[in-house]
Amino acid sequence: MTMDWTLLFQLLVSGLIVGALYGVVAMCFVLVYKASQVVNFAQGEFMLIGAWACWWLLLKFQLPFFAAFLTTLAFMMAFGLILQVVVLKPLIGEPVISVIMVTIGLSIFFQALMKWLFGVSAQPFPPIFAQPSMNVLGLQVKTVYAMSTLISIGIMISFAWFFKFSRMGLAMRATAFNQQVAQSLGISVRQVFALSWGISAMVSALAGVVVGVVNGVSPALSFFGIKVFPAVILGGLDSIVGAVVGGLVIGVLENLAHYADSQLLRWGNLYEIAPFYVLILILMIRPYGLFGTRDIERV
Amino acid sequence: MASTIALRPCGDFKTSYGSDQIVFPTRLSLAFCIFGIVALCFAPLVLGKYGLSLLVQIGYLGIAALGLNILVGFTGQISIGHAVFFGFGAFASAYFSNKLNVPVFFAIPLAGLATTAVGLVFGIPAARLKGLYLAIATLAAQFILQDFFARAGWFTGGVAGTAAKSFSIFGHDVAGDYQYFYVVLVYVVLMYLAATNLMRTRDGRSLVAVRDHYLSAEMMGINLMKYRTMSFGLAAFYAGIGGALYAHYLGFVSVEGFDILFSIQFLAMIIIGGLGSIMGTLMGTTFMVLLPEVMGGLAKMLSGSAIDRMLSLSEGIVFLREMTIGAVIVLFLVFEPDGLAHRWRQIRAYWKLYPFSH
Amino acid sequence: MYVKRMRAGGVLAVGALLSLATTVVVAQGISIGHLADFSGPTADVGGPYGQGVADAIAYINKQGGVAGRKLEHETVDYSYQVPRAISTYKNWSGRVVAIQGWGTADTEALVGFVTKDKIPYFSASYAATLTDPAGGSKADKATPYNFFYGPSYSDAARGLVQWAADDWKRKGGQGKPKYVHMGANHPYPNSPKAAAEEYARELGFEVLPPIQFALTPGDYTAQCLTLRQSGAQYAYLGNTAGSNISILKACQTVGVQVQFLGNVWGMDENAMKAAGSAANNVVYPVRTSAIWTGKAPGMALMREISKMSDPSGTAYRASHYLAAVCATLYMKEAMEWAAANGGVTGENIRKGMYARQNWTPKGTEGVCKPSTWTAQDHRSLLQLDLYRAEVKDAPDAPIAELVAKGTIQMTRIATIDLPRKKEWLGW
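Being a predicted model, the structure only gives us computed values, none of them experimental. (Residues numbered from 1 in each chain as written. Chains lettered and ligands numbered in written order. Predicted model: local features only at pLDDT ≥ 70, side-chain atom pairs only at ≥ 80, totals over all residues. Heavy atoms only, no water.)

A. Seen up close, the state of the cysteines. Residue and element names in this part refer to chain C. In total, this model carries 2 disulfides over all chains according to the counting rule given. There is a disulfide in this structure between C224 and C251, and the S-S distance comes to 2.0 Å. Of note, the bridge from C224 to C251 carries an S-S torsion of about -90° and is left-handed in sense. Here the residue C224 occupies a position in helix α8 (residues 221–230), and C251 occupies one in helix α9 (residues 241–254), the gap between them amounting to 27 residues. Note on C251: relative accessible area 1%, which makes it buried. Between the sulfur atoms of C326 and its disulfide mate C368 the distance is 1.9 Å. Taking the sign of the S-S torsion, -95° for the link of C326 and C368, the bridge is left-handed. (Disulfide = S-S within 2.5 Å. Helix = DSSP H or I, 4+ residues; strand = E, 2+ residues; numbered from the N terminus. Buried < 20%, exposed > 50% of the residue type's maximum accessible area, 1.4 Å probe, protein only.)

B. A look at the packing of helix α9 (residues 224–235) of chain A against helix α7 (residues 131–151) of chain B. For the pair α9 of chain A and α7 of chain B, the least separation of the axes is 11 Å and the interaxial angle reads 130°. On the basis of their axis angle, the class for α9 of chain A and α7 of chain B is oblique. Handedness of the crossing formed by α9 of chain A with α7 of chain B: left-handed. On the side of α9 of chain A, the interface is formed by I226, F229 and I233 of chain A, while α7 of chain B contributes Y133, I136, L139 and F143 of chain B. Looking at the contact of α9 of chain A with α7 of chain B residue by residue, the classes come out as 7 nonpolar, no polar and no charged. (Axes fitted to C-alpha atoms, helices over the stretch in contact; angles between N-to-C directions. Parallel < 35°, antiparallel > 145°, perpendicular 65-115°, else oblique. Left-handed = near helix turned anticlockwise from the far one by under 90°. Contact = heavy atoms within 4.5 Å. Nonpolar A, V, L, I, M, F, W, Y, C, P; charged D, E, K, R; others polar.)

C. Looking closely at the side chain of S79 of chain B. Residues and elements named next belong to chain B. Along the polypeptide, S79 turns up in the loop between α4 (49–74) and α5 (82–98). The exposure class of S79 is buried, given its relative accessible area of 1%. Polar side-chain contacts of S79 include one of 3.4 Å to the backbone nitrogen of G81. Beyond its immediate stretch of four places on either side in the chain, S79 contacts L68, L71, V72, T138 and L267. (Polar contact = N/O pair within 3.5 Å; in protein donor to acceptor, adjacent residues only side chain to side chain.)

D. Seen up close, the interface of chain B and chain A. The partner chain A presents 42 residues to the 44 residues of chain B that form the contact. For the pair chain B and chain A, the interface holds 0 residue pairs in polar contact (both at pLDDT 80 or more). Taken together, the elements giving at least two residues each to the side of chain B that touches chain A come down to α7, α12 (224–250), α13 (260–273) and α16 (313–335) of chain B. At 12 residues, α7 of chain B tops the list of elements feeding residues into the side of chain B that touches chain A. Grouping the constituent residues of the side of chain B that touches chain A by class yields 35 nonpolar, 3 polar and 6 charged.

E. Highlighting unusual backbone geometry. Here the residue pair Y354 of chain B and P355 of chain B is connected by a cis peptide bond, since its omega of 0° sits within 30 degrees of zero. As for its position among the elements, P355 of chain B is in the segment after α17 (339–353). Here A67 of chain C, not a glycine, exhibits a phi torsion of approximately 50°, which is positive. Along the chain, the position of A67 of chain C falls in the loop between α2 (43–62) and β2 (71–77). At N358 of chain C, a position not held by glycine, the phi torsion is positive, near 45°. Residue placement: N358 of chain C occurs in the loop between α13 (346–353) and β12 (383–391).

F. Fine view of α12 of chain B. All names here are of chain B. Helix length check: α12 (27 residues) gives 39 Å between terminal C-alpha atoms against 39 Å at 1.5 Å per residue, within 8%. Most of α12 sits out of view: 22 of its 27 residues are buried. With a side-chain oxygen positioned 3.2 Å from the backbone nitrogen of M225, the residue opening α12 is N223. Trailing α12 by a residue or two, G251 shows a phi angle of about 85°, which is positive. (Expected span 1.5 Å × (residues − 1).)

G. The sheet that holds strand β1 (residues 30–36) of chain C, seen in detail. Residue and element names in this part refer to chain C. Across the sheet, which stays open at both edges, the 5 strands sit in the order β2-β1-β3-β4-β5 with parallel pairing between neighbours. Only two strands of the sheet have a single partner each, and these edge strands are β2 and β5 (146–147). Across 2 bridges, the pairing between strand β3 (residues 98–100) and strand β4 (residues 121–122) is parallel. Residue pairing in the sheet places I99 in a bridge with Y121 of β4. α2 contacts β1, β2 and β3 of the sheet and is inclined by roughly 160° relative to β1. (Pairing = 2+ DSSP bridges.)

H. Fine view of the interface of chain B and chain C. Taken together, the contact pairs 19 residues of chain B with 20 residues of chain C. Both sides together, the interface formed by chain B and chain C hides about 1,500 Å², and carbon and sulfur atoms give 54% of it. Along the contact surface separating chain B from chain C lie 0 salt bridges. If you look at where chain B meets chain C, you find 1 residue pair in polar contact (both at pLDDT 80 or more). Of all the secondary-structure elements, those providing two or more residues to the side of chain B that touches chain C are α4, α7, α12 and α16 of chain B. (Buried area = accessible area lost by both parts, 1.4 Å probe. Salt bridge = Lys/Arg side-chain N within 4 Å of Asp/Glu carboxyl O.)

I. Summary view of the pattern of salt bridges. Residues and elements named next belong to chain C. Enumeration according to the criterion identifies 16 salt bridges over all chains in this entry. Residues D377 and R379 are paired through a salt bridge, measuring 3.1 Å at the closest nitrogen-oxygen approach. Its relative accessible area of 4% is what places R379 among the buried residues. Linked through salt bridges whose partners overlap, the residues forming this network are D167, R170 and K171.

J. Summary view of the pairing of β1 of chain C. All names here are of chain C. Where burial is concerned, most of β1 is hidden: 7 out of the 7 residues are buried. The alternating pattern of β1 places I30, I32, H34 and A36 on one face and S31, G33 and L35 on the opposite face, and all of these are buried. In terms of strand pairing, β1 meets β2 through 7 bridges, oriented parallel. Its bridge partner being in β2, I30 is matched across the sheet by L71. For the crossover from β1 across α2 to β2, the handedness is right-handed. (Right-handed = clockwise from strand over helix to strand, strands pointing away.)

Any functional reading would require information that these geometric values do not contain.
In structure tokens, the structure reads:
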């Protein structure tokens with residue numbers, strides 16, 4: 001059994017790059033969960049809406065890329081805020097199953113809405129960078145992926161700063177820890193909830209635009225939202241660092257699984273299904289993940 | 001005497017456990033139920049092929065949804081992977097009747113038992129998880145089992161799917177929807193009666209106790225693991241029976257019909273109908289089956305008109321259907337979280353107590 | 001007593017009215033069914049094809065229908081969900097005399113039903129397992145009522161493999177060239193896999209293990225890296241256009257030097273526009289003798305039919321549209337034969353398909369290729385045209401404009417005629 005080291009290495013690099021994107025989306029998921037105790041099954045659809053919005057702005061109004069991008073971010077922030085206020089606020093206090101079902105319902109609604117408005121075929125983004133690909137550690141990567149890795153790292157750093165040093169970030173952490181105490185200290189829990197959804201939607205849209213630029217925008221983009229689950233479970237549902245690590249690990253794992261599959265096992269689609277096997281494994285062994293807090297009672 | 005067949009006493013005057021656990025509290029409700037079943041027996045004479053197919057769909061989906069309601073509504077678990085149990089029952093029944101030459105009459109209950117086994121296998125580890133983690137675990141199980149269906153050619157025919165034989169009793173071939181309707185009706189009545197009975201036995205009460213306050217239940221001596229696992233097994237049994245009926249109705253089973261959207265539709269059925277209500281399950285299933293048909297009918301009515309052109313309805317009808325499913329789930333949860341069963345009880349109370357408010 | 005008689009009379013009256021209302025009015029039209037995918041995973045190619053069928057039927061009705069009777073059709077968008085296709089079929093059986101269908105998964109599912117109910121099924125699935133009407137070949141089942149216009153997937157793949165072998169010799173390649181099949185684990189891409197790999201081995205290729213990628217668009221960098229590492233020279237893309245675009249783009253970025261071979265549904269003008277320069281140099285088969293910009297006597301009729309849904313006449317129609325019109329017109333001429341020979345029933349339509357040899361529908365000369373169906377062999381077409389796509393990256397514009405400017409160029413590079421081998425029937 002000869003190991004193909006070059007291929008393996010290239011797959012690792014590719015996995016890290018994609019994993020950074022997973023990490024970004026996972027961070028948004030964890031942000032919402034930490035702040036408002038809501039599991040957002042519609043994370044993938046936030047990505048999708050952001051991607052389509054940016055594409056539409058670019059195509060319809062011929063704006064330069066950064067203008068369209070910033071407009072999309074602003075739109076998604078407003079979108080997340082409104083969504084929280086209109087749909088999710090009435091559900092505060094309802095059992096977990098209800099909240100999960102509402103986000104699932106929203107994901108179905110938005111996915112169908114996007115298909116209706118923009119069709120089912122993959123649409124390419126207009127070319128954005130002058131040089132479409134560049135050389136990273138011996139692997140040709142699309143420039144936009146390299147950009148996205150830089151942006152992802154930037155976001156992770158800014159999230160870390162936000163939660164540690166800024167007033168609103170501290171308010172979010174306090175609310176996540178104990179809502180009533182936070183309220184008694186004068187923190188507006190309403191604002192915290194709404195803002196967490198807004199930020200989550202905005203950052204997901206960023207990831208969505210990146211994926212859209214690389215692969216074209218299509219309804220299948222929202223499947224990213226499902227891949228988020230193995231990442232956040234691995235990292236721990238309430239840990240931002242865990243989300244990042246989880247995303248990277250899942251990205252690398254997918255590619256490693258593909259390597260094992262194509263060279264050794266020849267099953268066919270291990271690439272798609274391996275994260276879910278890992279998910280089950282983690283739930284059995286260590287459900288609170290690598291960095292999560294241990295408060296899961298087990299029977 | 002005649003005035004008391006429809007009224008309930010104002011207070012609890014039962015003098016025996018038997019009378020306390022009675023399924024139909026008034027003679028009129030029993031009469032309505034029997035009348036309903038008899039009326040359904042005449043349905044094939046009145047309804048066309050289309051209406052009959054809708055009723056059969058409500059039948060087998062209702063059985064599977066009832067299983068999910070036992071799991072989610074009565075035991076408080078979560079499962080986003082119900083469609084694969086449904087699919088497993090369908091494939092198992094086709095497998096038994098094709099490869100092992102078991103008569104279809106027996107293949108259907110056997111498929112239910114096979115699915116129970118699978119459900120127990122998933123239930124044992126799942127019983128140790130709670131809430132959100134259980135939901136995610138069942139989500140993963142959905143994808144893994146779907147992948148298994150696509151790969152296990154010996155069992156499911158792989159991605160090409162497998163044909164299922166038609167139902168036959170003692171050599172008499174039950175051909176056509178007309179006669180299959182009665183088979184489904186019998187199963188629906190049996191399974192629903194079984195579930196109603198389950199809820200008034202000791203085991204049923206234990207399930208409810210596990211849902212309401214598991215710590216107290218454990219302190220009272222109810223084995224949480226046992227009842228959670230049993231609840232998974234029961235849900236799988238009902239799903240397997242539903243799936244087997246589906247397989248022999250359609251005559252062909254293919255893996256792509258059992259995707260995550262199908263699982264979510266089951267959840268929608270029980271949430272819209274009312275968690276923890278047996279009659280609600282049937283109401284929710286009817287709602288979810290009729291909703292796409294009503295939308296299709298509306299679109300057809302509006303086709304060619306200005307609204308059609310503005311919204312491009314005819315091309316987008318499939319998307320509008322999905323959008324409506326999503327929107328209905330959200331709206332029901334926001335405005336009517338206890339479901340149609342609760343609304344029905346409110347309506348009935350309103351009429352009973354008119355002009356007093358409830 | 002009086003009340004009871006009144007009530008009985010009322011019930012009788014209602015019953016009589018109901019039975020009158022449900023008396024079937026004898027239909028003057030010919031009822032056919034149309035299954036299409038406008039919103040599911042194959043919608044990118046299902047849309048143009050479905051539009052072609054609908055327009056052709058509208059045109060037939062405009063010209064007076066078949067033997068004076070209009071075609072009454074019901075178009076159902078089943079989103080490539082097999083269960084929905086089957087329940088639609090159940091609604092139709094007993095009413096329709098023929099069905100214009102679509103995908104591989106549901107066509108194969110419905111084979112048993114249409115054979116039992118004797119309803120000719122004209123699919124857009126060209127799976128080789130549908131070509132054996134008598135049974136007994138490798139197809140494992142008899143499909144006397146399944147018809148399609150076009151070379152089967154297996155035959156088209158064999159044609160591409162043959163061209164690849166010639167191309168290798170032409171380029172002066174040394175040693176054994178490597179061939180790899182790429183596609184999803186799904187009946188549609190799997191259909192020609194075995195046949196193509198076997199023929200490749202016969203012609204001297206080294207056949208590498210297949211590479212899997214899903215039918216949906218996505219990120220396929222890993223698959224492209226594996227492809228590059230494997231050193232294959234010829235790669236067959238088995239999926240539909242949507243996901244082929246993704247893998248072409250990924251492989252272009254990674255820098256894979258491979259001759260990509262498309263399939264009938266895997267590369268068309270829309271895909272070329274969406275993939276841009278990533279689709280450059282892809283070789284793919286075309287079922288008709290001309291594409292929309294071609295010059296042939298039959299194109300006049302095609303433009304007429306296109307006006308049924310596009311009165312301005314400016315829409316660009318992909319190759320699938322033309323194939324769909326051909327398929328519908330074949331059905332129409334078989335129905336005309338049936339009407340003159342015993343009435344338009346499923347069985348007679350089937351006999352009508354066998355009535356002519358090397359047959360093109362009237363008015364489509366130079367577009368639809370001459371096809372022959374016999375009671376032993378439903379491989380109607382064994383000739384395919386191979387085109388090479390030449391695409392440059394360009395700003396967004398309608399396809400007609402891109403083709404006119406030369407940004408998208410499709411050049412015919414070969415016409416392959418395959419032998420009608422008995423051992424190739426059915427797979």
